[in-house]
Amino acid sequence: VKRRTSELLEALKRQKELSAKVRKTNSRLAEMEKVSIVGVTSSMVIHDLLQPLSVSSYLLVALKDRILNGSPKEKLLEVELKLEKSLNRSVKMLEDIRKLVGHQKGKPELIHLNEIVDKTISALVMNDQNNNSNVVFEINGNKKAALLFDPFSMEMILLNLIKNAR
């Protein structure tokens, strides 16, 4: 009975550890997905920003032309107000992106690429609902690479690289 109880307690302990690991991995993947979504959203916003910035550019040319031609103040103010509105729209979009992304940047630290790649692939395989993960990571020999970088950013880069290669 003692041996069986001990085995059950050990199995329960292992199950708790695995559950904690799964929760941590799922949390990390959710964070990565959020960053990926932000990237896609940023691309869309950049596209949207081009329109007001182009308008601003044309308005600056028009304003300069009117100044050089001695246009009345009312005409200059009209162009200036349009320019201000266009620039404010651009600034608002950028502020929205900034709020979405947040101001948190990870601190650079010495990371070992082998460990980050293993961690990223493990998370990818664990989260692959279709069980079609065909990612293999193999290093021959005693090669180790380390660099000073934000670990989460490196994971995101690797995750995007793997997803884009599929």
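Residues numbered from 1 in each chain as written. Predicted model: local features only at pLDDT ≥ 70, side-chain atom pairs only at ≥ 80, totals over all residues. Heavy atoms only, no water.

Participant: What is the right way to read the overall build of the protein from this model?
Facilitator: Counting its regular elements, the protein contains 4 helices and 2 strands. Ordering the α and β elements of the protein from the N terminus gives α-α-β-α-β-α. Of all 166 residues assigned to the protein, the portion counted as buried reaches 20%. In the protein, the proportion of contacts linking residues at least 24 apart, taken out of those at least 6 apart, comes to 81%. Looking at the protein as shown, the accessible area adds up to about 13100 Å², and 57% of this sits on carbon and sulfur atoms. (Helix = DSSP H or I, 4+ residues; strand = E, 2+ residues; numbered from the N terminus. Buried < 20%, exposed > 50% of the residue type's maximum accessible area, 1.4 Å probe, protein only. Contact = heavy atoms within 4.5 Å. Areas by Shrake-Rupley, 256 points an atom, 1.4 Å probe, with all protein chains shown as cover.)

Participant: Sorry, what's going on with the confidence of the model for the protein here?
Facilitator: Fine structural detail should not be taken from predicted coordinates in areas where pLDDT scores are low. The share of residues in the protein with pLDDT of 70 or more is 86%, and the mean pLDDT across the chain is 79. Per-element confidence in the protein ranges from a low mean pLDDT of 76 for helix α3 (residues 113-127) to a high of 88 for strand β1 (residues 109-112). (pLDDT = per-residue confidence, 0-100.)

Participant: Looking at this model, I keep getting lost on the pattern of salt bridges. Mind explaining?
Facilitator: Note on pairing: side chains with opposite charge can pair once their charged atoms come close. Evaluated as defined, the whole model comprises 3 salt bridges. Among the ionic pairs, E78 bridges to K82, the shortest N-O distance being 3.8 Å. A residue pair is termed a helical-turn pair when its members lie 3 or 4 positions apart in one helix, as E78 and K82 do in helix α2 (residues 73-101) at 4 residues. Where salt bridges share partners, they join R3, R4 and E7 into one cluster. (Salt bridge = Lys/Arg side-chain N within 4 Å of Asp/Glu carboxyl O.)

Participant: Would you explain the nonpolar core in this entry?
Facilitator: Ranked by internal contacts, the top residues of the largest apolar core, which has 14 residues, are M32, I116, M154 and L158. Mapped by element, the contributors of at least two residues to this core are α1 (2-68), α3 and α4 (151-165). Per-element tally for this core: the top contributor is α4, with 6 residues. (Core = buried A, V, L, I, M, F, W, Y, C linked by side-chain atoms within 4.5 Å.)

Participant: Would you explain α4 in this entry?
Facilitator: Because an α-helix completes one turn every 3.6 residues, residues spaced three or four positions apart along the sequence face the same direction. Look at α4: 21 Å from first C-alpha to last across 15 residues, which is about the 21 Å you get at 1.5 Å a residue. Among all positions in α4, only P151, F152, M154, E155, M156, L158, L159 and I162 are buried. (Expected span 1.5 Å × (residues − 1).)

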